[in-house]
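Breakdown of the fold
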Amino acid sequence: MGEITLKLAEVFKYLLQIDKQLPDDTCLQRLLDVIKLNVLDKELILEASGLIEFLQDVTAKTNDIESTVLTFSLLLCGNLGEDEDLFIQNKDIINGLLQQVKDHNLTTDSSIGTAYFTCLSKIALHKMGVKYFFEKSVNIEFALTGLKHGESVFLQTAAKNLIKTLLIHAHHEDKSESHINNLFSHLITELQMVITKSNTSVNSNYTQSLLSLFNEVNTTEYIWKATTENNKTKLLDSYFSLSLTASDKVTDMALDNLKSILTSLDDAYRNGFMEKTVLKELKTHVSIDVVRVHKISCSLYQWCENLKDYVELPLRIFSSQDNEFTVTVNKKLKMTKQIFTTLIIQFICVRTTENYWYDQLDFMMKIMNVIQGTCEDEEFQYQNYIINNTRLMAKLLQCLHDRLELYGRLKGDYSCRLYNILVDTITQMQIPTTAYKKCMDCIVLLLMSDELCTLDIKRLVSMLEIKLCDLKWEIRDTTLEIINQIIIPLKVTSHSPSIITLCKSSWQSLSDGNSYVRASVITLIGTLSTTGDLFHKFLECTNIKKLDIVNKLVTVLQTDSEAFPRRSAVKTLQLLNKHGLLEDDLKTKIQEVMISSMNDFDWEVKIHILDFWESIFVLGTSNIETNGSIQNGTVPPYALELPSSSHKAGNSKQKAIESLLNSKFCEALLLGFNDYEQSVCEKASVIIKKFLTIVHDDIEFTTQNSLLWIKKLEDLNMESKLTTSDEYNRNPVSLLNDILATAGEQDEDNFVDCY
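Please read all numbers here as calculations on a predicted model, not as lab measurements.

So, the packing of aromatic side chains
To describe a pair of aromatic rings, you give the distance between the ring centres and the angle between the ring planes. Counting across every chain of the model gives 23 aromatic pairs. With a centroid separation of 4.9 Å and an interplanar angle of 55°, the aromatic rings of Tyr358 and Tyr414 are classed as tilted. Placement of the pair is Tyr358 in helix 22 (residues 354-372) and Tyr414 in helix 24 (residues 414-428), with a sequence separation of 56 residues. Their ring planes at 40° and their centres at 5.9 Å tell us that Phe617 and Phe665 sit as a pair that is tilted. Here Phe617 is found in helix 34 (residues 603-621), whereas its partner Phe665 is found in helix 36 (residues 665-673), with 48 residues between them in sequence. Taking relative accessible area as the criterion, Phe617 reaches 5% and is therefore assigned buried. Joined through ring pairs, the aromatic side chains of Tyr301, Phe318, Phe340, Phe347, Tyr356, Phe363, Tyr382 and Tyr385 make up one cluster. The positively charged end of Lys411 is found above the aromatic ring belonging to Tyr358, 4.4 Å away from the centroid.

This is the structure in structure tokens:
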């Protein structure tokens, strides 16, 4: 530690002298880490390092200090002030530097400003820090200035975090309620000023920052309890005013904040606000901006059923069911495609009760039929706006998927009706790929939650077979993913022949020109291998042998130019082995291929190969207990050629491990351990440690080959592979030397790179 102390003193002196930033801008950040780890919690080193004197010198000549060094100094003060004891000891020094930076208006520099507010935020984390703020009357207006005029997102975030930290930790002070209300009142006043200037050049980012700040502190229970009723009312009115007048993004944020407060209010207070403010204002605005009024109504409907007439505007307009509001809208508003579509989307996205969901579902299915042009027996107002409207269809499918996930199985004949509409949608419309995927996801949810006998599965199968030949690779790939998902729910039903038909068609796509499609085919075969009888039926019906599948997968692993299929090939071969589907000769072939494929250029392929070897290791040893018996009576015959036996567990364990040592297992682990990719090395090291733990468990090996491999594995320095620390963490002095080496003109000999 003495060397660190001496070097730090040299570095501090050097930093006071430089007039331009260091060549590597990460050096000073790394230096902060080194100081925090090695100095701040060690009193003697802190005194001897010259850190305090350095901060005093920076304070004395703040204007002359290079900007990155000043930024470093402020962050160093933050680290110092974060510890309550260190803050008490060095309060005057920290305060001096902060005051100098503020007095000289240096926070206009985004880096310095960010460091300044970050330092204050760290000080505010403890009781003495909060007390310091209120004793010194640190002006909240200064933080708001950083929030409002900061040119950097980092500066704005740091200023916001300071205000949030003060509010959250104000309860450390004796007069916490008074402080919280003063801060809250100031912020609310600022928000109200923003509202009054909404038609002038107000900074929209500032408004969003204020709303984000309120949202983060509103959920803190003791802050809300400490807030006066007057401030609560002002805040509710401000949010509602913004939702009526602001931009779409600000409106969404204001409504989110409003909803979070409404949830915490008692019924009487909430109902009063709804009746006196919300309903009154919406009635005035409905003919001015129907979309905005409808949006607000949909957002707040769960707290006020009197908003139902507003919420159901699109439903009533579409079905020509006139009431006071539809008449007003039809008279004073020229309906357009965009307005009508937006109203429909807002209505279907309303989340209320499960019973009301069925009213929405009826409307959604009617709209989907109109979009497809299959509602010829009925006429609807403005239906020409939604026929073939793929944007609306995509949003309907997204909302439908969310609700099916939320509510699960549908009542009555809804599943069958909806299923047919969804299949019609895919069959008859050219919808975008994302909408197609969402539509298929909805079908999968119906298949997994309903009695399958009520659904026409053959129609779905026919449609999927067609989609496997689609010109767009995204459609082909999505179709394969869907087939993969429906294998399990349909495997034990009368529909298993349909699944086999689909899998047979899918197998032909292994030669597809797109790598994602090839990978999806291979993944599908892996899933099929886990289904037992269904997999064997697939082999019989397609006249494919397991050897054919293995050969295809091995070819992909060895020759495919893209990584995705190769990764899938390894995982599927692992599944085939795990589920006992491979004969001895195929196992041997696969193990040899897995060794050669450890030279693959893709690190994920090598990780999956190590997973394969780990699964073999687990299969070979997992059924053996150490209490003198063999679990379930035998070791499974697929576990690395271990014969079924009733030997004592010790002998069986030794045989299992010797079989591993005689296979390619250790060779694969050594290749992984010596790989140039850190993640591969770490994976191999973890497996080796597990393996050696079992080897050392009272097992004596006599064969020369076994002893040789175990010795090789034991001699490996695994800690060097498993550690994540770099040179600077292991030897902080090297960083200090590198910083000092930047003195003078920069060239290749003294350039420091901390990456």
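The structure having been displayed, the exposition proceeds.
Here we look at the pattern of salt bridges
Any two side chains of opposite charge can pair, so long as their charged atoms come close to each other. Taken as a whole and judged by the stated rule, the model has 27 salt bridges. The salt bridge involving Arg567 is made with Glu604; its shortest N-O contact spans 3.5 Å. Of this pair, Arg567 sits in helix 32 (residues 563-578) while Glu604 sits in helix 34, placing them 37 residues apart in sequence. In this structure Glu604 comes out as partly exposed when scored by relative accessible area, which is 26%. Here Asp611 makes a salt bridge to Lys683, at a shortest N to O gap of 2.7 Å. Here Asp611 is found in helix 34, whereas its partner Lys683 is found in helix 37 (residues 678-695), with 72 residues between them in sequence. A relative accessible area of 22% places Lys683 in the partly exposed class. When salt bridges with common partners are traced through the structure, they connect Lys308, Asp309, Glu312 and Arg316 into a single cluster.

Topic: the environment of Thr742
Summarising the element assignment, Thr742 is placed in the segment after helix 41 (732-740). For Thr742, a relative accessible area of 2% translates into the label buried.

Let's talk about the environment of Glu474
You can see Glu474 is positioned in helix 27 (residues 473-490). Of the residues examined, Glu474 reaches a relative accessible area of 30% and is grouped as partly exposed. In sequence terms Glu474 and Thr434 are 40 residues apart; their C-alpha atoms lie 9.0 Å from each other. Separated by 3.5 Å, the side chains of Glu474 and Trp473 make a polar contact.

Considerations on the packing of helix 12 (residues 204-218) against helix 15 (residues 248-264)
Two numbers describe a pair of packed helices, the interaxial angle and the distance between the axes. Between helix 12 and helix 15, the shortest axis-to-axis distance is 10 Å and the interhelical angle comes to 15°. On the basis of their axis angle, the class for helix 12 and helix 15 is roughly parallel. Between helix 12 and helix 15 the crossing geometry is left-handed. Contacts between helix 12 and helix 15 involve Ser204, Thr207, Gln208, Leu211, Ser212, Phe214, Asn215 and Asn218 on the former and, on the latter, Lys249, Val250, Met253, Ala254, Asn257, Ser260 and Ile261. Residue classes in the contact of helix 12 with helix 15 are distributed as six nonpolar, eight polar and one charged.

The rules we used
Residues numbered from 1 in each chain as written. Predicted model: local features only at pLDDT ≥ 70, side-chain atom pairs only at ≥ 80, totals over all residues. Heavy atoms only, no water. Phe/Tyr/Trp six-rings, centres within 6.5 Å; stacked < 30°, edge-to-face > 60°. Helix = DSSP H or I, 4+ residues; strand = E, 2+ residues; numbered from the N terminus. Buried < 20%, exposed > 50% of the residue type's maximum accessible area, 1.4 Å probe, protein only. Lys NZ or Arg CZ within 6 Å of the ring centre and 35° of its normal. Salt bridge = Lys/Arg side-chain N within 4 Å of Asp/Glu carboxyl O. Polar contact = N/O pair within 3.5 Å; in protein donor to acceptor, adjacent residues only side chain to side chain. Axes fitted to C-alpha atoms, helices over the stretch in contact; angles between N-to-C directions. Parallel < 35°, antiparallel > 145°, perpendicular 65-115°, else oblique. Left-handed = near helix turned anticlockwise from the far one by under 90°. Contact = heavy atoms within 4.5 Å. Nonpolar A, V, L, I, M, F, W, Y, C, P; charged D, E, K, R; others polar.

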